[in-house]
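Topology and contacts: notes
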Amino acid sequence: MEPSDAAHPGPGRAVWTLAPRLLLLPLLPVLLGRGLRLGAAASSSGAAAEDSSAMEELATEKEAEESHRQDSVSLLTFILLLTLTILTIWLFKHRRVRFLHETGLAMIYGLIVGVILRYGTPATSGHDKSLSCTQEDRAFSTLLVNVSGKFFEYTLKGEISPGKINNVEQNDMLRKVTFDPEVFFNILLPPIIFHAGYSLKKRHFFRNLGSILAYAFFGTAVSCFIIGNLMYGVVKLMKIVGQLSDKFYYTDCLFFGAIISATDPVTVLAIFNELHADVDLYALLFGESVLNDAVAIVLSSSIVAYQPAGLNTHAFDAAAFFKSVGIFLGIFSGSFTMGAVTGVVTALVTKFTKLHCFPLLETALFFLMSWSTFLLAEACGFTGVVAVLFCGITQAHYTYNNLSVESRSRSKQLFEVLHFLAENFIFSYMGLALFTFQKHVFSPIFIIGAFVAIFLGRAAHIYPLSFFLNLGRRHKIGWNFQHMMMFSGLRGAMAFALAIRDTASYARQMMFTTTLLIVFFTVWVIGGGTTPMLSWLNIRVGVDPDQDPPPNNDSFQVLQGDGLDSAGGSRTKQESAWIFRLWYGFDHNYLKPILTHSGPPLSTTLPAWCGLLARCLTSPQVYDNQEPLREDDSDFILTEGDLTLTYGDSTVTANGSSSSYTASTSLEGGRRTKSSSEEVFERDLGMGDHKVSSRGTPLVFPLQENA
């Protein structure tokens, strides 16, 4: 019987439909049991999945918490290292111990902590499984991995040689204390380099400017090529004796010569400063090291950019060589311009605003503008080291005069503290990296060859250049100075930062290891021998840095009566650095009045038709005050030709010619008024408040020597 409509089922339909149900009654317990088991299985699998997901989330949270704890421990380790270094420095200064500098101490403490972390902490992570991607022909910076429907992101850490595939670091703590090289460049290097430019002793720096530029530019290039060629011979020797396990090209050798030519005599300069060693020697070493770092980093970038045409990308190509030279000049000039422009912009902002009413805002703006120079240059493809160096020099020369008294003190102390902490942090990390860095390549032949090449490169850098410079210098660079400069060629933070920036290849790993050992040796051995070397070379100490060299027959002129001997005056003019004298006049008459609150009014230096512009750009403070404002950058530069002293009816000109800067003393109502030029002049010549006799008394003025 056919089933009827569902709304009106007939008796047959009911039977037909019920019969199967009745027939299934004996099987109902079995079916119900299976259904219950299937339902229970489905519900239990869902619950298991939820439990598994919850467990994964819990494990992820624990892992993140553990990672956060390890980050805190790693940073705490470095803070404790710096704290211990500071306390030991105080003890050494208190006991007058000079055989070991603070940077050497930081390295020793870093070595101790590195040994503890390396051999005293157990492995905390399992061995990662290596996956094969044979279809890919290059490495990806970011990799997404699908694991059971969940995607995980991985970032590129670098290449690992096949022989070390099983030695991948399994200690999470050691991984945490291994910093990204960009941390050194973007965070630690800017305050170090800026402080070098901001604290520059301009008076002695510019007096020896020609020699400093020769040592920094030509000398660094000579050192780079000598070291590079000698190391290429060492590499060839390693290949012959079978000690070279991978590729090492000539350009790699030149790159090593560039980075290892970056001197950092921080230990020697600190001892010089403490002992008040000869100011000219200090200026030569400090000026060379400041500009030398900038030259070395641009030179290394140019070598990396060297790409000959053709299949052999490491062969010599004249076109590629001159292109690299053009890149060097372009990067250096562009970085210099960017740093100077940033300093000028900061000077204009601080001059034409009233930020000095809010010292905190003024200091914050000064700090941010200075630091941003480094990042701006790097973002534009230039070199931040060069930009921030010349930004510091520009800020010290112009912006410093516009700051309030409180901001001047704050800015100097701020960058001094940052420089101290960053430098000691880097040296502490050097000691730590000897044991925590996992890509060391120790090659005794390469290391010994590097020491010999550095010695020969430094000798070829110092002695021939000094000989040629002495041909044009009145105040010669003596043999004792040359020996001290040769001895003081330490390597430090810049060489380390350049070496650690790229450790992907076998050649770069060997360079990094060798650079680390060279820094250790020079800081400990050469830095510790600075004081005995000063004594052995008979270099005078205890010298006031604001005074000129001691009197002798060659470096002093005697002014008698009303004026100066004409021959002596003309000889003084001839010995002055003409390019600096031109720059000084332009700077004093135009740049200082435009960018600062000091200097003569522009209405007196610009043509008459520029009167409106002169009144707009000249600070109102210049017109409001009866006497010129003192230029408060601490190392104001003066030359003999820039001063005329008038005492009563007697006029004494330091070079026999008149100048726009006149210093005079007068008594009005019992009050003595002293102009800014007189104060600066007396400070530079060490006259203080001593009275100057009337005519007939000989006046002795030291001649400032020029390179």
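Residues numbered from 1 in each chain as written. Predicted model: local features only at pLDDT ≥ 70, side-chain atom pairs only at ≥ 80, totals over all residues. Heavy atoms only, no water.

1. A closer look at the overall build of the protein
Along the protein, the regular secondary structure elements total 24 helices and 8 strands. By the burial criterion, 46% of the 707 residues in the protein qualify as buried. Of all intrachain contacts in the protein linking residues separated by at least 6 positions in sequence, the fraction that spans at least 24 positions is 78%. Here the protein has roughly 36000 Å² of accessible surface; of this, 64% comes from carbon and sulfur atoms. (Helix = DSSP H or I, 4+ residues; strand = E, 2+ residues; numbered from the N terminus. Buried < 20%, exposed > 50% of the residue type's maximum accessible area, 1.4 Å probe, protein only. Contact = heavy atoms within 4.5 Å. Areas by Shrake-Rupley, 256 points an atom, 1.4 Å probe, with all protein chains shown as cover.)

2. Quick look at the packing of helix α10 (residues 279-304) against helix α13 (residues 384-402)
Where α10 meets α13, the axes come as close as 8 Å, and the angle between the chain directions of the two elements is 155 degrees. The orientation of α10 relative to α13 falls into the category roughly antiparallel. Our pair here, α10 against α13, has a crossing hand that is left-handed. Residues Val290, Leu291, Ala294, Ile297 and Val298 of α10 touch α13, and the partners they reach there are Val385, Val386, Leu389 and Phe390. Counted by class, the contact of α10 with α13 contains 9 nonpolar, no polar and no charged residues. (Axes fitted to C-alpha atoms, helices over the stretch in contact; angles between N-to-C directions. Parallel < 35°, antiparallel > 145°, perpendicular 65-115°, else oblique. Left-handed = near helix turned anticlockwise from the far one by under 90°. Nonpolar A, V, L, I, M, F, W, Y, C, P; charged D, E, K, R; others polar.)

3. Concerning the side chain of serine 335
Within the secondary structure, serine 335 sits in helix α11 (residues 318-352). Among the polar contacts listed, one links the side chain of serine 335 to the backbone oxygen of isoleucine 331, at a separation of 2.7 Å. Leaving out residues up to four positions away in the same chain, serine 335 has contacts with Phe382, Thr383, Val386 and Ala387. (Polar contact = N/O pair within 3.5 Å; in protein donor to acceptor, adjacent residues only side chain to side chain.)

4. A word on unusual backbone geometry
One non-glycine residue, asparagine 538, adopts positive backbone phi at about 55 degrees. Taking the relative accessible area as the measure of exposure, asparagine 538 reaches 66% and is therefore exposed.

5. Topic: the environment of alanine 294
Along the chain, alanine 294 falls in helix α10. In contact with alanine 294, other than residues within four places in its own chain, are Phe332, Val385, Val386 and Leu389.

6. Thoughts on the pairing of strand β1 (residues 142-147)
In this sheet, strand β2 (residues 150-155) lies alongside β1 in antiparallel orientation, the contact comprising 6 bridges. In the strand pairing of β2, leucine 144 is matched with glutamate 153. Linkage of β1 to β2, two consecutive antiparallel strands, is achieved through a turn of 2 residues, within which serine 148 is found at a positive phi near 55 degrees. (Pairing = 2+ DSSP bridges.)

7. Description of the pattern of salt bridges
Across all of its chains, the model carries 8 salt bridges by this definition. Across the salt bridge formed by glutamate 182 and arginine 501, the nearest N and O atoms sit 3.5 Å from each other. With glutamate 182 in helix α5 (residues 181-198) and arginine 501 in the loop between α17 (493-500) and α18 (506-528), this pair connects stretches of sequence that are 319 residues apart. Among the residues examined, glutamate 182 registers a relative accessible area of 31% and is labelled partly exposed. Where glutamate 378 meets arginine 501, a salt bridge forms, and the shortest distance between an N and an O atom there is 3.8 Å. Separated by 123 residues along the polypeptide, glutamate 378 in helix α12 (residues 359-379) and arginine 501 in the loop between α17 and α18 bring together distant segments of the chain. Here the residues in one salt-bridge network are Glu182, Glu378 and Arg501, joined through shared partners. (Salt bridge = Lys/Arg side-chain N within 4 Å of Asp/Glu carboxyl O.)

8. A word on α10
With 26 residues, α10 should cover 38 Å at 1.5 Å per step; its first-to-last C-alpha distance of 37 Å lies within 8% of that length. The largest bend along α10 reaches roughly 25 degrees and is located at asparagine 292. The element α10 is largely enclosed, with a buried count of 23 among its 26 residues. Capping the start of α10, aspartate 278 holds a side-chain oxygen 2.9 Å from the backbone nitrogen of aspartate 280, two or three residues further along. (Expected span 1.5 Å × (residues − 1). Bend = angle between axes of the 7 residues up to and from the residue.)

9. Focus: the nonpolar core
Grouped together as the largest cluster of nonpolar side chains are 126 residues, with contacts concentrated most on Met231, Phe248, Phe256, Tyr429, Met484 and Phe496. Per-element accounting of this core gives the leading share, 13 residues, to α10. Residues in contact with phenylalanine 256, not counting those within four places in the same chain, are Ile227, Met231, Phe446, Ala450, Met511, Thr514, Thr515 and Ile518. (Core = buried A, V, L, I, M, F, W, Y, C linked by side-chain atoms within 4.5 Å.)

10. Comments concerning the packing of aromatic side chains
Counted according to the given criterion, the structure contains 32 aromatic pairs. Between phenylalanine 194 and phenylalanine 366 the ring centres are 6.2 Å apart and the planes differ by 75 degrees, which places this aromatic pair in the edge-to-face class. Highlighted residues: phenylalanine 194 in helix α5 and phenylalanine 366 in helix α12, separated in sequence by 172 residues. Each member of the pair, phenylalanine 194 as well as phenylalanine 366, carries the same accessibility label: buried. On the basis of an interplanar angle of 55 degrees and a centroid distance of 6.4 Å, the ring pair of tyrosine 198 and phenylalanine 415 is categorised as tilted. With tyrosine 198 in helix α5 and phenylalanine 415 in helix α14 (residues 405-436), this pair connects stretches of sequence that are 217 residues apart. (Phe/Tyr/Trp six-rings, centres within 6.5 Å; stacked < 30°, edge-to-face > 60°.)

11. Considerations on α13
Structural remark: α-helix, 3.6 residues per turn; residues separated by three or four positions point the same way. Between its first and last C-alpha atoms α13 spans 25 Å; for 19 residues at 1.5 Å apiece the expected length is 27 Å, and the two agree. Maximal helix bending in α13 amounts to about 45 degrees, located at alanine 396. The buried fraction of α13 is high, at 19 of 19 residues.

12. Some points on the side chain of aspartate 293
One can find aspartate 293 in helix α10. In this structure, aspartate 293 is buried with no salt-bridge partner, the nearest side chain bearing the opposite charge being arginine 491 at 8.9 Å. Ignoring anything within four residues of it in the chain, the contact list for aspartate 293 reads Ile193, Ala262, Thr263 and Met494. (Lys, Arg positive; Asp, Glu negative; His and termini not counted.)

13. Let's talk about the confidence of the model for the protein
In this model, the protein carries an average pLDDT of 75, and 69% of its residues clear a pLDDT of 70 or more. Within the protein, helix α15 (residues 444-470) carries the highest mean pLDDT (95), whereas strand β3 (residues 556-559) carries the lowest (32). Confidence drops under a pLDDT of 50 for residues 551-576, and excluding neighbours within four residues, the segment shows 54 contacts in the predicted structure. Below pLDDT 50 for its whole length, residues 626-707 participates in 196 contacts with residues either more than four positions away or in separate chains. (pLDDT = per-residue confidence, 0-100.)

14. Here we look at the packing of α15 against α18
Orientation of α15 relative to α18, taken along the N-to-C sense of each, is 55 degrees, at an axis distance of 10 Å. In this view, α15 runs oblique relative to α18, as classed from their interaxial angle. Regarding α15 and α18, the two cross each other, and that crossing is right-handed. Together, Phe446, Ile447, Ala450, Phe451 and Ile454 of α15 and Met510, Thr514, Leu517, Ile518 and Phe521 of α18 make up the contact between the two elements. Partitioning the contact of α15 with α18 into residue classes produces 9 nonpolar, 1 polar and no charged.

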